[in-house]
Amino acid sequence: PLQAAFASGASFVAGGVLPLLVSLFFPLKGMVIAHYVFATLFLVLLGAASAKTGGAPFLKPVLRITFWGTIAMGLTALVGYLFGLSV
């Protein structure tokens, strides 16, 4: 369990560093667009890494992770909009 906890924590930190870097280096004016574009790019990279790691063909995992990740981001934004929340 301890090894799993460290692996989970390391992957959470690694996944959070990329959006943090976008936040640090992009101007506030275009932040929402920059986060969306880079999050989609990061999803493509995640799909490619998972395909390479699992020995699967490249296109299917990339499309699946990018599509469903984008849907999840859109639904999250929709819920925030419906409840009038903004971060």
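Residues numbered from 1 in each chain as written. Predicted model: local features only at pLDDT ≥ 70, side-chain atom pairs only at ≥ 80, totals over all residues. Heavy atoms only, no water.

## Side note on the packing of helix α1 (residues 2-25) against helix α2 (residues 31-54)
With their axes 10 Å apart at the nearest point, α1 and α2 run at an angle of 150 degrees to one another. Taken together, α1 and α2 sit at an angle that is classed as roughly antiparallel. Along this stretch, α1 crosses α2, giving a crossing that reads as right-handed. On α2, the residues touching L18, P19, V22 and S23 of α1 are M31, A34, H35, F38 and F42. The residue makeup of the contact of α1 with α2, split by class, is seven nonpolar, two polar and no charged. (Axes fitted to C-alpha atoms, helices over the stretch in contact; angles between N-to-C directions. Helix = DSSP H or I, 4+ residues; strand = E, 2+ residues; numbered from the N terminus. Parallel < 35°, antiparallel > 145°, perpendicular 65-115°, else oblique. Left-handed = near helix turned anticlockwise from the far one by under 90°. Contact = heavy atoms within 4.5 Å. Nonpolar A, V, L, I, M, F, W, Y, C, P; charged D, E, K, R; others polar.)

## Quick look at the side chain of T40
When you line up the elements, T40 lands in helix α2. Only 2.9 Å separates the side chain of T40 from the backbone oxygen of Y36, close enough to count as a polar contact. Setting aside residues no more than four positions away along its own chain, T40 makes contact with T66, T70 and M73. (Polar contact = N/O pair within 3.5 Å; in protein donor to acceptor, adjacent residues only side chain to side chain.)

## Brief notes about the environment of L46
Turning to its location among the elements, L46 is positioned in helix α2. Along the chain, L46 and K60 lie 14 residues apart, while their C-alpha atoms are 12 Å from each other.

## So, the packing of α2 against helix α3 (residues 59-82)
Axis separation between α2 and α3 bottoms out at 8 Å; the angle between their running directions is 145 degrees. Crossing geometry of α2 relative to α3 is assigned as right-handed. For the pair α2 and α3, the contacting residues are Y36, A39, T40, L43, V44, L46, G47, A48, S50 and A51 in the first and P61, V62, I65, T66, G69, T70 and M73 in the second. Taken together, the residues of the contact of α2 with α3 sort by class into 11 nonpolar, six polar and no charged.

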